[in-house]
Amino acid sequence: MHRRLLPDRHGGPARATVDLVAPLAHEATAMCTTEIAGHPVPGRSGTVSQLIGAQDTGGLRPGDVDSANRRSTPRTATMPGTRTSATATRTTTTRTMSSARGPSADQPGAGAGHADFSFEELVAAYFDCRRSKRNSPSALAFEQDLERNLAILYDELQACAYRPGPSVCFVITRPKPREVWAADFRDRIVHHLLYNRIAPRFYRSFIADSCACIPGRGTLYAARRLEAKVRSITQNWSQPAWYLKCDLANFFVSIDKNILRDRLSRRMMEPWWLWLIDTILFHDPRDGAIVRSAPSRLRLIPPHKSLFNQPADQGLPIGNLSSQFFANVYLDALDQYAKHRLRARHYIRYVDDFVLLHKSPQWLNAAHADIEAFLPETLAARLNPSKTILQPIERGIDFVGQVIAPWRRTLRRRTLNASLYRVGRMEPGRLLETANSYFGLLRQATHSHANRTELARVLRWRGHAVNGRLTKAFPKKPAP
């Protein structure tokens, strides 16, 4: 079994022999026992591919221990701010901002205290991260030397020497032009490590009507919960009622990081986790950013919606798990205000879109005025007046891509038209996967048979087969 020798960080003579065999399978591996200063400690072991190294070290990497011959190779020192991979070494720095309470680059992690997380937690964060990103170039590069890269990342975090790397910025155009910032794969692992540790602590304080980036509370949960609230207030569509739908203006790029940090620190008081929050939160993704979109696509983004034009202590990058979680923490103040100050019985929020229901339009108008006064004072945010809607529920509520109308819940017509257009013109290589994704989206609506019929008609016109329930498409039959 391969082992790795870790030096004592406090200057003492004791050394710890720890299994660093990274589990490369999806299932949990068997338990093993490690020895730290003569005391047995439970750990995990798993299978690993054969190590390849120089001939004079017998295939060992620097810092590895040959348990059969009881010898070790010299360990390569890792300097703060340096990222080491199997092929290259790169030095990254973080810009210090005077207006934000970010960590200092000269004294990284000063006063951060002990890092109370295990190597197993880092491995678990890696598996969470790779679940949907395993075929990305950065994920494949990280996995080429998985054990070493995880060990280096673990050492950097333990020493408070970790610094985020450059992000990739690109522009998407559906449903509207928007900047997306993709963090490096190793940084995404750190985001999952932070999320896995601190998220449950905040979930206990979130209201049940706060959705997005919460396990079990996706778009389908939000649509069903709003439909249940509508049925409750209208007595199964037998009584009239009104709804107020609001949206925050330029939400992600207008988030005040100092206000957010203050809200995070109310529940996170451990110094090391606060240091990691500061490192992620106050990192400026524009430093060394790799832009993957043409200038013509970048110009599609309005200047006030671009992160490139925001102050250093304002705005979160769209595309990171940490940003989605931070957004929920930020708007928890609005949820608590709506529930406990406005006494809104029927309220639900998905990211920055929220809906209030009431039998009185006058009450909703008063609630709208109160929220307009609350947001700038507490969160430095404001409502988007062009997306504020007050009308009777019977006309239908467009929320999370579905329309809740009397006795039915259907897919938004704009989304359906986009699906028919794409399926009718898409190249054959991606057609089947995209079509089945749309079938899955349509199945979430209670009344979607007519819409699925339209989609199936387009697929049959292109030569594909569709099952009788109109829920799945199949490849073309080979020519005889």
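Chemist: Whenever I open this one, the overall build of the protein chain confuses me. Can you help?
Modeler: Helix and strand counts for the protein chain come out as 14 helices and 21 strands. Scored against the burial criterion, the 480 residues of the protein chain give a buried share of 50%. Taking all contacts inside the protein chain whose residues are at least 6 apart in sequence as the whole, residues at least 24 apart take part in 68%. On the protein chain, roughly 24300 Å² of surface is accessible, and the fraction owed to carbon and sulfur atoms is 53%.

Chemist: Explanation requested: the nonpolar core in the structure shown.
Modeler: Proteins that are soluble and globular tend to have nonpolar side chains buried together. In terms of nonpolar packing, the biggest core is built from 75 residues, with Leu157, Leu276 and Phe325 touching the most fellow members. Element by element, the count of residues in this core is highest for helix H10 (residues 321-341), at 11 residues. Core analysis: the next-biggest nonpolar cluster, separate from the first, contains 16 residues, Leu431, Tyr438, Ala456 and Val458 among them.

Chemist: When you look at the packing of helix H7 (residues 257-265) against helix H8 (residues 271-281) in this model, what are you seeing that I'm missing?
Modeler: Helix packing geometry: the angle between the two helix axes and the distance between the axes. The interhelical angle for the contact between H7 and H8, taken along N-to-C directions, is 160°, at an axis separation of 11 Å. When the axis of H7 is compared with that of H8, the two are roughly antiparallel. Of the two elements, H7 crosses H8, and the hand of that crossing is right-handed. On H8, the residues touching Lys257, Leu260, Arg261, Leu264 and Ser265 of H7 are Leu274, Ile277, Asp278 and Leu281.

Chemist: Is there a simple way to explain a positive patch on the surface in this structure?
Modeler: A grouping of Lys176, Arg178, Lys305, Lys387 and Arg414 is seen on the molecular surface, where their side chains present a positively charged patch. Here Lys176 lies in the loop between strand S9 (168-172) and strand S10 (178-182).

Chemist: Hey, could you run me through the environment of Ile172 in this one?
Modeler: As for its placement among the helices and strands, Ile172 is situated in strand S9. With a relative accessible area of 28%, Ile172 lands in the partly exposed category. Along the chain, Ile172 and Leu300 lie 128 residues apart, while their C-alpha atoms are 9.7 Å from each other. Excluding anything up to four places from it in sequence, Ile172 contacts Pro177, Arg178, Val180 and Arg297.

Chemist: Where do I start with empty space enclosed by the protein in this structure?
Modeler: The gaps left among the atoms become clear once a water-sized probe is rolled over them. Overall, the coordinates contain 4 cavities of 30 Å³ or more when judged by the stated rule. Here the largest cavity defines a volume of roughly 160 Å³. Residue lining of the largest cavity: 17 residues in total, with His191, Ile280, His283, Pro317 and Asn320 positioned closest to the centre. Elements represented by at least two residues in the lining of the largest cavity include exactly helix H4 (185-203), H8 and H10. Per-element tally for the lining of the largest cavity: the top contributor is H10, with 3 residues.

Chemist: Looking at this structure, I do not really get the sheet that holds strand S16 (residues 389-392). What am I missing?
Modeler: Note: strands within a sheet are paired through backbone hydrogen bonds, in either parallel or antiparallel orientation. Reading across the sheet, the 5 strands line up as S11-S14-S15-S12-S16 and stay open at both edges, with mixed pairing between neighbours. Looking at strand neighbours, the two that pair on one side only are strand S11 (210-211) and S16, the edges of this open sheet. Where strand S12 (residues 242-247) and S16 come together, 4 bridges link them in antiparallel fashion. Across the sheet, the residue bridging to Trp242 is Pro392, located in S16. In the packing of H10 onto the sheet, the strands contacted are S11, strand S14 (346-350) and strand S15 (353-358), and the crossing angle to S14 comes to about 170°. Sheet contacts for helix H11 (residues 361-379): S12, S15 and S16; angle to S15, the most-contacted strand, approximately 145°.

Chemist: It is not clear to me how the pairing of S15 should be interpreted in this structure. Could you clarify?
Modeler: As a general feature of sheets, a regular strand has side chains that alternate between the two faces. In the sheet, S12 pairs with S15 via 6 bridges, with the strands oriented antiparallel. Its bridge partner being in S15, Tyr243 is matched across the sheet by Leu357. Sheet analysis places S14 next to S15, joined by 5 bridges and oriented antiparallel. Directly across from Tyr350, in S15, lies its bridge partner Asp353. The hairpin formed by S14 and S15 contains 2 residues between the paired strands, and Val351 there has a positive phi angle of roughly 55°.

Chemist: Whenever I open this one, the pattern of salt bridges confuses me. Can you help?
Modeler: Any two side chains of opposite charge can pair, so long as their charged atoms come close to each other. Under the counting rule described, the total for this entry stands at 17 salt bridges. For Glu270, the salt bridge is made with Arg201, and the minimal N-O distance between the two is 3.0 Å. In this pair, Glu270 sits in the loop between H7 and H8 while Arg201 sits in helix H4, placing the two residues 69 residues apart along the sequence. The class of Arg201 is partly exposed, set by a relative accessible area of 24%. One salt bridge in this structure joins Asp278 and Arg261, with 2.8 Å as the shortest N-O distance. In this pair, Asp278 is assigned in helix H8 and Arg261 in helix H7, connecting sequence segments 17 residues apart. Residue Asp278 is classed as buried on the basis of its relative accessible area of 9%. Within this structure, Asp209, Arg225, Lys229 and Lys339 form a network of salt bridges that share partners.

Parameters and conventions
- Residues numbered from 1 in each chain as written.
- Predicted model: local features only at pLDDT ≥ 70, side-chain atom pairs only at ≥ 80, totals over all residues.
- Heavy atoms only, no water.
- Helix = DSSP H or I, 4+ residues; strand = E, 2+ residues; numbered from the N terminus.
- Buried < 20%, exposed > 50% of the residue type's maximum accessible area, 1.4 Å probe, protein only.
- Contact = heavy atoms within 4.5 Å.
- Areas by Shrake-Rupley, 256 points an atom, 1.4 Å probe, with all protein chains shown as cover.
- Core = buried A, V, L, I, M, F, W, Y, C linked by side-chain atoms within 4.5 Å.
- Axes fitted to C-alpha atoms, helices over the stretch in contact; angles between N-to-C directions.
- Parallel < 35°, antiparallel > 145°, perpendicular 65-115°, else oblique.
- Left-handed = near helix turned anticlockwise from the far one by under 90°.
- Patch = residues over 30% accessible without salt bridge, like charges linked within 9 Å, V, L, I, M, F, W, Y side chains within 5 Å.
- Salt bridge = Lys/Arg side-chain N within 4 Å of Asp/Glu carboxyl O.
- Lys, Arg positive; Asp, Glu negative; His and termini not counted.
- Charge placed at Lys NZ, Arg CZ, Asp CG, Glu CD.
- 1 Å grid on protein atoms, 1.4 Å probe; cavity = no way out; pocket = protein on both sides within 12 Å on 5 of 7 lines; lining within 4 Å.
- Points joined across faces, edges and corners; volume = space filled by probe spheres on them.
- Pairing = 2+ DSSP bridges.

Function-wise, these values are silent; they only describe arrangement.
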